[in-house]
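# Observations on chain architecture
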Amino acid sequence: MTSRRRIAIVEGDGIGREVIPVAEAVLARLHPDYEFFPVDVGYGRWERTGCPCADRDIALLKSADAVLFGAITTPPMKDYQSVMLRIRKALDLYANLRPVRGDGFEILIVRENTEGLYSGIEERTDDRATTLRLVTRTGTERIVKAAIALARQRNGLLTIGHKANVLKSDVFFRDICIAEAESAGVSYNDKFIDALSLDLLQHPKNYSVVVTTNMFGDILSDVASYLVGGLGLVPSANIGDEHALFEPVHGSAPDIAGKNVANPIAALRSAAMLLDHLGDPEGSLRIENAIQTVLSAGILTRDLGGSTGTREFGEVVLTALCL
Ligand code: ATP
């Protein structure tokens, strides 16, 4: 008998508190056999208790089979360390997979998630600030190996995004990626990240799997979301060898938080990715089909030109699941 799956639910801040309950309700409908437990971390928690994330929260996240995660606000304060960065490091979630699917294209952005410009090695004085961009052989090899495996699964091209014409750390990244791609025998090309950003928008069908460093991948996936209707639609998976966390690409969007207008599709698709990861591709497909049924009926949230609220959208998706 397999043990009961345990899913940690982190709503976090802002619209995370609105879109995650929608996604959790759908997961609970499909899997009454799962156990869901909340983990309260983020800026809201910091405001209430002075601590955004304690060691025992990290232990709770590690104890789960998977984490469904909303978004966390990182205030621009000098001494506030990003909770998300801490979680990614603690759970060693080194591969951030961001699928962007549209009419006739299916792009998967594979973003290195633990180093690069987001290594957290920073210094600030009154006169200058520095951020170290750390790119290691181990970090690069494991992300490109993950990307190669995904390109193989899809029988697709691997594109390496970098800025090797300017950054030595990216010459290093590019060369390791090329060596791995050649020894694995997958088809690949490489492009400068700025040219790639434009070309991806102009010719999305030319792309399958794109591997790149941390910040470039972060920006590129927001850019690519333009192809499919914006940030409200794009999910992501953060995968490590031991843990996995699923979250919308969007952040906490404080400008629209608390208004019941956020689009929960990115969160729903993140829940679908979670099911895929836990070995339930059928459940995952049921979520996507329900989303498509609702969208085809013209039921849309405000970002897509409609007026359906977050909660109401979630209710129709639940109904569509049962059809
Ligand atoms: P954070 O600092 O947490 O990253 P942010 O506001 O800087 O938050 P995002 O949360 O990524 O960045 O959002 C950018 C903008 O995109 C938001 O201001 C919002 O208008 C829009 N947006 C993001 N997510 C959604 C959503 N799910 N539904 C509708 N609009 C969204």
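Look above for the structure.
Structure report, in brief. Please read these numbers as outputs of a predicted model, since none were measured by experiment. Residue numbering note: each chain is counted from 1, following its sequence as written. Restriction of local features to residues with pLDDT of at least 70 applies here, the model being predicted, together with a cutoff of 80 or more for giving and counting side-chain atom pairs; totals for whole chains, interfaces and linings are based on all residues. Calculation of side-chain values draws on the structure's entire complement of heavy atoms; hydrogens and water are dropped beforehand.

## With respect to the packing of helix 1 (residues 16-30) against helix 9 (residues 265-277)
- Whenever a helix is involved, its axis is fitted only over the stretch in contact; in every case the axis is a line through C-alpha atoms, and angles between N-to-C directions fall within 0 to 180 degrees. Helix and strand assignments come from DSSP, with helices taken as H or I runs of at least 4 residues and strands as E runs of at least 2, each series counted from the N terminus. The N-to-C vectors of helix 1 and helix 9 enclose an angle of 40°; their axes lie 8 Å apart at closest approach. Classed by the angle they form, the pair helix 1 and helix 9 counts as oblique. Note that helix 1 runs across helix 9; the crossing there is right-handed. Mapping the contact onto sequence places V19, I20, V22, A23, V26, L27 and L30 in helix 1 and A267, L268, A271, L274 and L275 in helix 9. Oblique is the label for any angle not under 35 degrees, not over 145, and not in the 65 to 115 range, which are roughly parallel, roughly antiparallel and roughly perpendicular in turn. Rotating anticlockwise by less than a right angle from the far helix to the near helix defines a left-handed crossing, while the corresponding clockwise rotation defines a right-handed one. The contact criterion used throughout is that any non-hydrogen atoms of two residues lie within 4.5 Å.

## Section: the state of the cysteines
- Here, a disulfide means two cysteine sulfur atoms that sit within 2.5 Å of each other. Evaluated as defined, the whole model comprises zero disulfides.
- Lacking any disulfide linkage, C51 is separated from the closest cysteine sulfur, that of C53, by 6.8 Å.
- Looking at C53, the relative accessible area reads 7%, which means it is buried. Relative accessibility under 20% of the residue-type maximum defines a buried residue, over 50% an exposed one, and the middle range a partly exposed one, all with a 1.4 Å probe and only protein chains included.

## A look at the sheet that holds strand 2 (residues 35-38)
- Only strands joined by at least two bridges in the DSSP assignment are considered to pair. The sheet built from ten strands is open, its strands ordered 2-1-3-12-11-4-5-10-8-9 with mixed pairing. Two strands in the sheet have a free side with no partner beyond their single neighbour: strand 2 and strand 9 (188-192). Strand-to-strand twist in this sheet, taken as the mean axis angle between neighbours without regard to direction, amounts to 25°.
- Here two bridges tie strand 3 (residues 66-71) to strand 12 (residues 244-248), and the two strands are oriented parallel to one another. Looking at the pairing, V67 lines up with L245 of strand 12.
- Against the sheet, helix 3 (residues 55-63) contacts strand 1 (6-12), strand 2 and strand 3, and its axis sits at roughly 135° relative to strand 1.
- On top of the sheet, helix 7 (residues 193-202) reaches strand 5 (105-112), strand 8 (158-162), strand 9 and strand 10 (209-212); it is set at about 105° to strand 9, its chief contact.

## A few points about helix 5 (residues 137-154)
- Here the expected length of a helix is defined as 1.5 Å per residue gap, with one fewer gap than residues. Its 18 residues give helix 5 an end-to-end C-alpha distance of 26 Å, which sits within 8% of 26 Å, the value for a rise of 1.5 Å per residue.
- The set of residues buried in helix 5 consists of G139, T140, I143, V144, A146, A147, I148, L150 and A151.
- Among the structural elements, strand 4 (95-102), strand 5, strand 8, helix 6 (168-184) and strand 10 are those in contact with the buried residues of helix 5.
- Counting of polar contacts relies on pairs of N or O atoms within 3.5 Å, with two restrictions inside protein: one atom must be capable of donating a hydrogen and the other of accepting it, and residues adjacent in sequence are counted only when both atoms are side-chain atoms. Among the residues of helix 5, the N-terminal cap falls to T136, whose side-chain oxygen and the backbone nitrogen of G139 are separated by 2.8 Å.
- Two residues or fewer past helix 5, N155 is found with a positive phi of approximately 55°.

## Concerning the packing of aromatic side chains
- Pairing of aromatic side chains requires ring centres within 6.5 Å, counting the rings of Phe and Tyr and the six-membered ring of Trp. Pairs whose planes differ by under 30 degrees are stacked, by over 60 edge-to-face, and all others tilted. Evaluation of the coordinates by the stated rule reveals two aromatic pairs.
- Aromatic pair Y34 and F36: ring centres 6.2 Å apart, planes at 50°, arrangement tilted.
- Each ring, one from Y43 and one from W46, has its centre 5.6 Å from the other, and the planes form 15°; the classification is stacked. In this pair, Y43 and W46 are both assigned in helix 2 (residues 43-49), three residues apart and thus about one turn of the helix distant.
- Residue classification places Y43 among the partly exposed residues on the basis of a relative accessible area of 21%.
- Throughout this description, the term charge over a ring refers to an Arg CZ or Lys NZ atom that lies within 6 Å of the ring centre and within 35 degrees of the ring normal. When the ring centre of F216 is taken as origin, the NZ or CZ atom of R133, which lies over that ring, is 5.2 Å away.

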